[in-house]
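Listed below are the residues making up each chain.
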Amino acid sequence: MRNVDDSCGHPIGLAAAGIDRLPFATLVDKNGSHWSSPVHTKALSMISRYFAIAMFYTMATTWSADRPNFLMIAVDDLRPMLGCYGHPNIRTPNIDRLAARGVVFERAYCQYAKCGTSRLSLMTGLRPDDIGVFSNNDKDVATFRKRRSDAPSIAAWMKQSGYHTQSFGKIYHDGWDNAADWSVPSSPGRPREMWEVVDDADPSQPTLIAERLDCPVMQSPDVADGHLFAGRMTDQVIASLSSLPQNAPAFLAVGYRRPHLPFVAPKKYFDLYHPDESWLAPSAIPGDDLPIMAWYNSDGYAGSARKVGLTMPNPPNRQQAMAWNGYEMRSYVGVPNHGPIDVATQLRLLQAYAACVSYVDAQIGRLLNAVDQSPHFKDVTIILWSDHGWQLGEKTAWGKMSNYEIATRVPLIISGPQISPGRTKTISELVDLYPTICQLADVEPPSQLQGESLQTVLLHPQQKSEAIAFSQYSRFDGTYMGRALRTDRYRFVAWTNEQTRRVVERELYDHQNDPHETENMAVRAEHAELVRRLENQLITSWR
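Just so we're clear, the structure is a prediction, and the values are computed from it rather than from any experiment.

Student: Tell me about the pattern of salt bridges, residues and numbers included.
Tutor: Should their charged atoms come close, side chains of opposite charge can pair. Tallying each qualifying case throughout the model produces 33 salt bridges. Between D288 and R318 there is a salt bridge, with the nearest N and O atoms lying 3.1 Å from each other. Linking D288 in the loop between α8 (267-270) and α9 (292-295) with R318 in helix α11 (residues 318-324), this pair joins segments that are 30 residues apart in sequence. A relative accessible area of 69% places D288 in the exposed class.

Here you go:
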C-alpha cells in the first residue's frame, strides 16, 4: 500500500511527455542487488506513516496488555471466489464466518503472481525487484538469502522477538522453507506433496505422489476429508494447540495447497456444484489491442512441452498464443496440451476448482472451531491470505502469471480480539502484512520493510484512502518486465525491455467502466495525457 497526494482520486505527477525509458534496475546497491528503486516518498505518505506509528504507540495499551497470538492461514492459488467477496455460487461458510468477525480487504494485491516470488515478498517484506527471484530455481533463492542475510523473514523476526513460531503445510514455495525461521521443525508434508493423488484402482489406500507430467488434472475420490493431506494437516495443527509453550506467545503459519493444481478433493465437495455456461469467463478472448506478452502465460513452460515431444512457439503470434495459453494447467493429464478446450471440460474444471475451495474452507472451519475452543491459544489474531489469484479461462489463460486484476487480486481477511468487523476498499498489498503484524504484536519492525502497516485501516476501514498498489511479472526468460500500478480507478502497466530499459508495450484499463480489463486505452490517442501521468506516477512512486 502506497499513499498518493491527489485527494480527488486522480493520478498525479509532473507532465512527462514522450517517456519511453524507465529508470528501473539501473543501480547496484552495497549488497550487490541488481536493482535499486527510485526513492520518492511524498509528504502525505510520510505524514500518514508517522501518524499511524504515533497513533499505534498511543493506543497500544488499549489493544492488549499482553502480546497477541497469531494464526496466519495461507491458501494457494485462491482468487477472491468466495461467498464473503460476493460470489453467488461458491459455498465457503467458514471463511465467510471469519470475514464476518474481521476486516475484509476488498482490494488487496500480490506483488508477483507466482507462488515462489509472491511468498518470498510477503515473508521478507521486500518487493520482487529487490528479491531478484523470478523463477522456481532453488539456486536463485539460496543466492538471495545469502545476499540479503540482513532481511529476516517475518517468522524469524517474531521468533527473535520472543514468539514461538511453527509452520504446517506450504508457507514458502515447496522446497524453499528456512528451518531457522521456526522454533520447532516445520511440517510441510512429503516432498512434492503438491502432487498428491489417490490410487484410482483403490482410493482407500494411502495417497500417492504423482509424477508431474503424468498427474491427472482433477480427481474426486469418495474418501473422507482426512484421507487427503489438507485434512491430515488440519488434524496435526489442532493437536498442536494443546502443546504450545505457555510462557511465550505463538505465531502459527498454516498453508493449504489446494486449490492449486491438481484439483483433488473428496467427492462430496464436487457434488456441491453443477456449473453451467454462466460460470464461464466473461472475457474469454483477449482483445486485439492487448499485448500478447500481457496475457500469454505459458512462456515459462517450453521445457515442459519438450519433455512430452511438443515444440512451443517462442515467441508466439496471437493465434499460437491463444492455442498454447494456460500451459501450467495444460501440462496435466485430462486437458489438451494446446488448442481449444471444449465447454464441457471447462465446466468440469470450474467444478473441480470450486470443490477444492470448499474442501479447504471446511478444513479452515475445523481449525477456527479448535482455536475458539482452545484453553491455551487465546487472544488470537487471524490473518487469511492467498499468494495470488488464478485465471479460469479469462483471456484464454488458465493459471496465474500475469499482471491482470484476476491474477493479482487476492482475498485478505484480518480478525482479532480488538478488531471490529468491517470491509474496506483501501488498496492494500501482501507486502504490507509484515509491518502490520509487527505493529499488532508491539514488535519493532526491521529496517528492510517496503510495505506499510494496515493498522490504521483496521481501526478505520471506511476511511477514504488514496493508496496505490504495485505488481510485476517477467516474460520470456527475463527479457521483459511488466510493472503494474493499481490506483483507485485505473490499472496501468509498462512493459520494458530489461536490457535497453525501453518501454515496448503499455496497458491502461479503466475499472470504473471496464472491470474485466478488455479494452486497452493506452493505444488510443485521446488517452495519451492520462497515460503520461500514470506512467510518471509509476516511475516516481515505484519501490
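Student: Break down the sheet that holds strand β1 (residues 2-3) for me, with residues and values.
Tutor: Strand order in the open sheet formed by 5 strands is β1-β16-β17-β18-β19, with antiparallel pairing between adjacent strands. The two strands at the open ends of the sheet, each matched to only one other strand, are β1 and β19 (503-510). Here strand β17 (residues 480-486) runs beside strand β18 (residues 490-497); their pairing, made up of 7 bridges, is antiparallel. Opposite G482, over in β18, you have W495 as the bridge partner.

Student: Give a description of the pairing of β19 that names residues and reports values.
Tutor: Examined bridge by bridge, β18 and β19 share 7 bridges and lie antiparallel to one another. Looking at β19, one finds that R491 is bridged to Y509. Two successive antiparallel strands, β18 and β19, enclose a turn made up of 5 residues, where R501 displays a positive phi of approximately 65 degrees.

Student: Explain the side chain of N94 to me, using residue names and the numbers behind them.
Tutor: Here N94 is to be found in helix α2 (residues 93-100). Judged by relative accessible area, N94 falls into the buried class, the value being 16%. For N94, the side chain forms a polar contact with the side chain of D361, separated by 2.9 Å. Contacts of N94, omitting those with residues within four sequence positions, involve D361, A362, G365 and L368.

The rules behind each value
- Residues numbered from 1 in each chain as written.
- Predicted model: local features only at pLDDT ≥ 70, side-chain atom pairs only at ≥ 80, totals over all residues.
- Heavy atoms only, no water.
- Salt bridge = Lys/Arg side-chain N within 4 Å of Asp/Glu carboxyl O.
- Helix = DSSP H or I, 4+ residues; strand = E, 2+ residues; numbered from the N terminus.
- Buried < 20%, exposed > 50% of the residue type's maximum accessible area, 1.4 Å probe, protein only.
- Pairing = 2+ DSSP bridges.
- Polar contact = N/O pair within 3.5 Å; in protein donor to acceptor, adjacent residues only side chain to side chain.
- Contact = heavy atoms within 4.5 Å.

Coordinates in, geometry out; function isn't part of it.
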